[in-house]
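Now for the letters of each chain:
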Amino acid sequence: REHCPTPLMAQPSKRPYLSTTSLNTHPMSYQGAFPFFRLPSEVGRFSLDSHRCYHGDSRKLRYYRPPSSVQKGASPGWDLMDGYENRYVRRDENEKEGLLHILTWVKENKGLLGGSGSRQLDRDFVTWRGHLTKVLCTPYESQEGWLLAVSLFKGTLYISERETEVARKKREERTTIQEKLMYSGYKFESHLCADSPDGQPSPSAVVNTNEAFCSVLFARLSTHSFLISGEVDCCDPLATNSNPPSCYVELKSSAQIRNPHQQRSFNRYKLLKWWCQSFLLGIPLIVAGFRNPEGKVVSLQDYRTSDIPHLIRTDQHSWDPAVCMNFCDAFLSFVKNVVTRDDPGVVYLFSWEPGSDVTFSVHTDPTYHILPAWYVEAMSL
Ligand code: 0WD
Ligand code: CA
């Protein structure tokens, strides 16, 4: 830890985006008009196979094929725990990939990225969608903090998450019930997704969480341009707009809602995360499966991403999408102000804990590096 900002130097919270020492995360500071956000456009795709190997194509893209016998609202009765013991191959979560697959895509697609002069990649930021989802949710998050490592290299800021100690402990101490809940999400997908646009789902197949299809998109929030990548569950072959990301569908499984208290907490916490995650990639539709305590799907529900802000507005103490986006805008401006040394050997570690401001420290130790030597070399040619 070579630099630690002292709280005494913190700027007044009124103009958080001007501070270079810490950033306030209180929702009140970010109320106001929704900032400019351009619908992301897809620039590429890649897939990760059952061994977690990268392929620069769409081989793992699946298609949304809900069974016609199951009407929305009816109970499909799918058992989401089926296969947990004997048809489940889990990704090794101790293997920290960081930005690996995105960087592989960038290296292989340099020609598409419109760089000029010293900037090979004409974007302000490169990151995973999941990292920005955490940033968007920050003003309303009261449980889990985060660590985001940032390096500036040839004019582009790379953001890569580092697992916090608390998150690592939680992961290592997961109970069987929690493991089964994670599995149920993947099992739910297997009931709705087919390998071809006219195929049928094969819900009894092995669930392998190494497999993924990722979309790579250009997006813009206010003055910030990004290259962002995220895992996409499936594409709807019958979507009115067949262009990605408009044809993409996000699948979610969630506990059945049995009373107004559960409904309120679903609206405040689940819908916040679901909206942030899908909005960032421009995914218009979220299909939720609600499971009963025995793990059977009792209903399916469509949520249009653009409807979610209206669904939650009736709740006085709910969240505001403009706050999420204004905070993200401020955070990215903060990062631009702080991260000024253009050197892949320098890592600025932004850290946040609920109830505190975002602070940072600067590191040169190689254990902190987020850009591998092969990438630095490829982008220096
Ligand atoms: O290195 C890291 N700390 C992370 C790596 C954190 C988050 C994601 N990733 C990687 C994963 O390797 C994954 O392939 O990014 C990829 C997905 O990126 P994303 O779309 O930016 O992540 P996110 O929006 O958080 O998650 C999308 C889906 C999840 O679906 P649900 O419906 O549960 O939100 O990606 C899956 C999961 O199915 N997923 C992961 N798969 C493997 N490893 C991981 C992970 N760590 N996190 C989410
Ligand atoms: Ca999903």
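Structural data are supplied above this passage.
Along each chain, the written sequence defines residue order, and numbers are assigned to residues from 1. Chain letters start at A and ligand numbers start at 1, both assigned in the order the entries are written. Selection of residues for local features in this predicted model requires a pLDDT of at least 70, selection of side-chain atom pairs for listing and counting requires 80 or more, and totals for whole chains, interfaces and linings are taken over all residues. In computing side-chain values, all of the structure's heavy atoms are included and hydrogens and water are not.

Within the chain, the regular secondary structure consists of eight helices and 19 strands. Taken against the 2.2 N^0.38 rule, which gives 21 Å for 381 residues, the C-alpha radius of gyration of the chain at 21 Å falls within 12% of a compact globule. Across its three principal axes, the chain shows a C-alpha extent of roughly 60 × 50 × 40 Å. Burial classification: accessible surface area is computed with a 1.4 Å probe over protein chains only, and a residue below 20% of its type maximum counts as buried, one above 50% as exposed, and the rest as partly exposed. Expressed as a percentage of its 381 residues, the buried residues of the chain come to 50%. Roughly 18,100 Å² of accessible area belongs to the chain as shown, and the carbon and sulfur atoms make up 50% of that amount. Only four residue types enter the charge count, namely Lys and Arg as positive and Asp and Glu as negative; His and the chain termini do not. We put the charge of a Lys on NZ, of an Arg on CZ, of an Asp on CG and of a Glu on CD. The positive charge centre, built from 43 side chains, and the negative charge centre, built from 42, are 3 Å apart in the chain. The way it works is that DSSP assigns letters per residue, a run of H or I at least four long becomes a helix, a run of E at least two long becomes a strand, and they are numbered from the N terminus. Radius of gyration here is computed from C-alpha atoms only, and the compact-globule reference equals 2.2 Å multiplied by the residue count raised to the power 0.38. Here the Shrake-Rupley method, with its probe set to 1.4 Å, supplies the accessible areas, and only the displayed protein chains count as covering residues.

A word on the site of ligand 1. To be near a molecule or strand, a residue needs just one of its heavy atoms within 4 Å of it. Around ligand 1 there are 17 residues in total, and Arg52, Arg129, Gly130, Glu231 and Lys252 lie nearest to it. With respect to ligand 1, the side chain of Arg52 contributes an N or O atom lying 2.3 Å from an oxygen atom. The term polar contact refers here to a pair of N or O atoms within 3.5 Å; inside protein, the definition further demands a hydrogen-donor-capable atom paired with an acceptor-capable atom, and it admits residues adjacent in sequence only when both atoms are side-chain atoms. At 2.8 Å from an oxygen atom of ligand 1 is found a side-chain nitrogen or oxygen belonging to Lys252. Taking 750 Å² as the accessible area of ligand 1 by itself, protein coverage stands at 75%. Here the nonpolar group is Ala, Val, Leu, Ile, Met, Phe, Trp, Tyr, Cys and Pro; Asp, Glu, Lys and Arg are the charged ones; every other residue, Gly included, is treated as polar. A breakdown of the residues in the shell around ligand 1 according to their chemical character gives three nonpolar, six polar and eight charged.

Attention now moves to the pairing of strand β17 (residues 297-304). Every regular strand shows the same layout, with side chains that alternate between the two sheet faces. Relative to β17, strand β16 (residues 285-291) is paired through seven bridges, and the arrangement is antiparallel. Pairing of Phe290 across the sheet is with Ser299, part of β17. Here, a strand pair is defined by DSSP locating no fewer than two bridges between the strands. Counting the residues that bridge the hairpin from β16 to β17 gives five residues, and of these Gly295 lies at a positive phi of roughly 85 degrees.

So, about the nonpolar core. Judged by nonpolar contacts, the single largest core of 62 residues is most densely connected at Tyr303, Phe331, Leu332, Val339, Phe350 and Val358. In terms of residue count, the dominant contributor to this core is helix α7 (residues 321-338) (11 residues). Whether two residues are in contact is decided by their heavy atoms: any pair within 4.5 Å suffices. Sequence-distant contacts of Val358, that is, excluding residues within four places in its chain, are made with Thr21, Ser22, Leu23, Thr25, Trp146, Phe327, Phe331, Phe334, Phe350, Ser351 and Trp352. The next biggest cluster of nonpolar side chains, apart from the first, holds 28 residues, and it includes Leu48, Val106, Tyr158 and Tyr375. Definition used in this section: a nonpolar core is a set of buried Ala, Val, Leu, Ile, Met, Phe, Trp, Tyr and Cys residues joined via side-chain atoms within 4.5 Å.

Moving on: the state of the cysteines. When the sulfur atoms of two cysteines come within 2.5 Å, that pair is taken as a disulfide. Within the structure shown, the criterion is met by zero disulfides. Cysteine Cys193 shares no disulfide, and the gap to the nearest cysteine sulfur, in Cys234, comes to 3.9 Å. The cysteine Cys276 is free of any disulfide, with Cys137 supplying the nearest cysteine sulfur at 3.8 Å. For Cys276, a relative accessible area of 0% gives the class buried.

Let us look at unusual backbone geometry. The linkage connecting Pro244 with the following residue, Pro245, adopts the cis geometry, with an omega of 0 degrees. For Pro245, the location among the structural elements is in the loop between β14 (234-235) and β15 (248-255). Even without being glycine, Lys154 reaches a positive phi, approximately 50 degrees. Looking at the element boundaries, Lys154 is found in the loop between β8 (146-153) and β9 (156-162). Judged by its relative accessible area of 28%, Lys154 is partly exposed. In this structure, Ser222 takes a positive phi of about 50 degrees despite not being glycine.

Attention now goes to the coordination of the calcium ion (ligand 2). Binding of the calcium ion (ligand 2) to the protein goes through Asp233 (OD), Glu250 (OE) and Leu251 (O), at separations of 2.3 to 2.5 Å. Metal-coordinating donors are taken as N, O and S atoms lying within 2.8 Å of the metal, or within 3.2 Å when the metal is Na, K or Ca; because water is left out, some sites can appear incomplete. For the calcium ion (ligand 2), the donor residues sit on a single chain with the sequence spacing D-x16-E-L. On the criterion of sequence distance, the pair formed by Asp233 in the loop between β13 (224-231) and β14 and Glu250 in strand β15 is long-range, its members being 17 residues apart. Taken individually, Asp233 and Glu250 each receive the classification buried, so the pair is uniform in this respect.

What follows concerns the environment of Thr223. Looking at the secondary structure, you find Thr223 in the loop between β12 (212-221) and β13. Sequence separation of Thr223 and Pro35 is 188 residues, and the distance between their C-alpha atoms is 9.8 Å. Excluding its chain neighbours within four sequence positions, the residues that come into contact with Thr223 are Asp124 and Lys336.

Here we take up the packing of helix α1 (residues 100-108) against helix α8 (residues 373-380). Between α1 and α8, the least distance of the axes is 10 Å, while the angle of their chain directions is 20 degrees. The orientation of α1 relative to α8 falls into the category roughly parallel. As α1 runs across α8, the sense of the crossing is left-handed. Note on element contacts: α8 touches α1 through Trp374, Tyr375, Ala378 and Met379, opposite Leu100, Leu103, Thr104, Val106 and Lys107. Of the residues assigned to the contact of α1 with α8, the class counts are seven nonpolar, one polar and one charged. As a rule, the C-alpha atoms of each element are fitted with a line to give its axis, helices using only the stretch in contact, and angles between N-to-C directions run from 0 to 180 degrees. Angular relationships are summarised with four words: roughly parallel below 35 degrees, roughly antiparallel beyond 145, roughly perpendicular across 65 to 115, and oblique for the angles in between. Handedness of each helix crossing follows the sense of rotation of the near helix against the far helix: counterclockwise by less than a right angle gives left-handed, clockwise gives right-handed.

In spatial order, the strands read β2-β1-β12-β13-β7-β9-β8-β18-β19; together these nine strands make up an open sheet with mixed pairing. A strand with exactly one partner marks an edge of an open sheet, and here the two such strands are β2 (54-55) and β19 (359-363). Bridging between strand β18 (residues 347-352) and β19 involves five bridges; their strand directions are antiparallel. Looking at β19, one finds that Val347 is bridged to His363. α1 contacts β1 (37-48), β2, β7 (125-128), β9, β12 and β13 of the sheet and is inclined by roughly 95 degrees relative to β1.

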